[in-house]
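This is what each chain is made of:
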Amino acid sequence: MMFSATLDSMAFQLDDAQKTTRFAITQLDSIGSLTWQSEAGQAFYDRVVNLSSWLENLNQVLADAEGYMSSATREIQELELEIMKQKLVF
C-alpha cells in the first residue's frame, strides 16, 4: 500500500509536469507569430524555437514515463495482492 501511494504521488507530479510543459510550449509557440526584424530579435526567436523543441522532447519523455508508471502501478498492485493472500494463509 505504501508503494501504491508513492506511485500515485509520482503520477500526480508527472501529470503536473506534463501540463506545465504543454503550457510552456503553447506560450513559446505564440511568439512564433511575431515578426523579428532585428538581429537580436531573430536570435531570440531562434532560441525560442530551440527551447520549444527541447520542451517537446521533454514532453515525450514524460509521456513515456507515464507509461512506465502505469506498468509499475499494475505490478505493485499485483504484488500487494499477493502479499495480502500470503498474509491470509498464515
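Just above, that's the structure.
Residues numbered from 1 in each chain as written. Predicted model: local features only at pLDDT ≥ 70, side-chain atom pairs only at ≥ 80, totals over all residues. Heavy atoms only, no water.

Draft legend 1. View of the pattern of salt bridges. The full count for this structure, using the stated rule, is 1 salt bridge. Residue Lys-19 pairs with Asp-15 through a salt bridge whose shortest N-O separation is 3.1 Å. Taken together, the positions of Lys-19 and Asp-15, both in helix α1 (residues 2-31) and 4 residues apart, correspond to about one turn of that helix. You can call Asp-15 partly exposed: its relative accessible area is 27%. (Salt bridge = Lys/Arg side-chain N within 4 Å of Asp/Glu carboxyl O. Helix = DSSP H or I, 4+ residues; strand = E, 2+ residues; numbered from the N terminus. Buried < 20%, exposed > 50% of the residue type's maximum accessible area, 1.4 Å probe, protein only.)

Draft legend 2. Just the packing of α1 against helix α2 (residues 39-89), in detail. Running from N to C, α1 and α2 cross one another at 160°; their axes reach a closest spacing of 9 Å. It follows that α1 is roughly antiparallel to α2 by the angle criterion. The crossing of α1 and α2 is left-handed. Taken together, the residues of the contact of α1 with α2 break down into 23 nonpolar, 7 polar and 5 charged. (Axes fitted to C-alpha atoms, helices over the stretch in contact; angles between N-to-C directions. Parallel < 35°, antiparallel > 145°, perpendicular 65-115°, else oblique. Left-handed = near helix turned anticlockwise from the far one by under 90°. Nonpolar A, V, L, I, M, F, W, Y, C, P; charged D, E, K, R; others polar.)

Draft legend 3. The side chain of Gln-18, seen in detail. Assignment of secondary structure puts Gln-18 in helix α1. Residue class for Gln-18 comes out buried when judged on its relative accessible area of 5%. Leave out the neighbours within four places in its chain, and Gln-18 touches Asn-59, Leu-62, Ala-63 and Glu-66. (Contact = heavy atoms within 4.5 Å.)

Draft legend 4. Spatial organisation of α2. With 51 residues, α2 ought to run about 75 Å at 1.5 Å a step, and its terminal C-alpha atoms sit 74 Å apart, in line with that. Taken together, the buried positions of α2 are occupied by Gly-41, Val-48, Ser-52, Leu-55, Asn-59, Leu-62, Met-69, Ile-76 and Glu-80. (Expected span 1.5 Å × (residues − 1).)

Draft legend 5. Focus on α1. With 30 residues, α1 should reach 44 Å at 1.5 Å per residue; the first-to-last C-alpha distance of 44 Å fits that figure. Residues Ser-4, Leu-7, Leu-14, Gln-18, Thr-21, Ile-25, Leu-28 and Ile-31 constitute the buried set of α1. Looking at the buried residues of α1, the elements they touch are α2.

Draft legend 6. Fine view of the environment of Met-10. The residue Met-10 is located in helix α1 in this model. Under the relative-accessibility criterion, Met-10 is labelled partly exposed at 40%. Linking Met-10 and Thr-73, residues 63 residues apart in sequence, is a C-alpha distance of 11 Å.

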